[in-house]
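# Per-entry structural report
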Amino acid sequence: MSAPGHPRLDRLIRVRRIRARHAMAALGRAQAAVRGDTDLIDRVAGLVAAAAPTPGRASAGALVARAGTAAMLGGLAEQLAVRLAVRRSERDALATALARAQAAVDAALARRQGEP
């Protein structure tokens, strides 16, 4: 597995592999959060559509309640959209960090193979 004459380089490789695994786990959590927020936005959008006024006769109180519900759900949908954008940005940054961590592992392995 490792050359007996390169303990520092072997330790560096182990540390970099651990960092890459941590970056991969963080990216997985971020991707799950994005999927969860996307599903939640879809459900809220369905509720907004269901709360929309329907044609026909309705009392003034019912119309006011529907309008209030639609406004509340619309505000929630906007907040979720902002949160989703932030999470996507975080996910992209974590993907970049994972790529850097994997490149660092590859570079350390190449150094070990290149040394006598």
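Check the entry above for the structure.
These remarks concern the structure in this document. On a predicted model such as this, the values are computed, not experimentally measured, just so you know. (Residues numbered from 1 in each chain as written. Predicted model: local features only at pLDDT ≥ 70, side-chain atom pairs only at ≥ 80, totals over all residues. Heavy atoms only, no water.)

A separate point is the overall build of the protein chain. Regarding its fold elements, the protein chain presents two helices and zero strands. Relative to a compact globule of 116 residues, whose C-alpha radius of gyration would be 13 Å, the protein chain shows 25 Å and is clearly more extended. Counting only C-alpha atoms, the protein chain reaches 85 × 20 × 15 Å along its principal axes. Counting only residues that meet the buried cut, the protein chain has 19% of its 116 residues in that class. Within the protein chain, contacts between residues separated by at least 24 positions form 84% of all contacts whose residues are at least 6 apart in sequence. (Helix = DSSP H or I, 4+ residues; strand = E, 2+ residues; numbered from the N terminus. Rg over C-alpha atoms; globule rule 2.2 N^0.38 Å. Buried < 20%, exposed > 50% of the residue type's maximum accessible area, 1.4 Å probe, protein only. Contact = heavy atoms within 4.5 Å.)

According to the stated counting rule, one finds four salt bridges in the structure shown. Across the salt bridge formed by Asp 37 and Arg 83, the nearest N and O atoms sit 2.6 Å from each other. Here the residue Asp 37 occupies a position in helix H1 (residues 7–51), and Arg 83 occupies one in helix H2 (residues 60–114), the gap between them amounting to 46 residues. With a closest N to O distance of 2.8 Å, Asp 37 and Arg 87 form a salt bridge. With Asp 37 in helix H1 and Arg 87 in helix H2, this pair connects stretches of sequence that are 50 residues apart. (Salt bridge = Lys/Arg side-chain N within 4 Å of Asp/Glu carboxyl O.)

Next up on the list: the environment of Leu 27. Summarising the element assignment, Leu 27 is placed in helix H1. With a relative accessible area of 11%, Leu 27 lands in the buried category. Spatially, the C-alpha atom of Leu 27 lies 44 Å from that of Val 64, the residues being 37 residues apart in sequence. In contact with Leu 27, not counting residues within four places along its chain, are Arg 91, Leu 94, Ala 95 and Leu 98.

Now for the side chain of Asp 10. Within the secondary structure layout, Asp 10 lies in helix H1. A polar atom in the side chain of Asp 10 sits 2.9 Å from the side chain of Arg 112. (Polar contact = N/O pair within 3.5 Å; in protein donor to acceptor, adjacent residues only side chain to side chain.)

For Arg 17, the location among the structural elements is in helix H1. In this structure, the C-alpha to C-alpha distance between Arg 17 and Gln 79, residues 62 residues apart in sequence, is 37 Å. Residues in contact with Arg 17, not counting those within four places in the same chain, are Val 105 and Leu 109.

So yeah, pure geometry; function would need other evidence.
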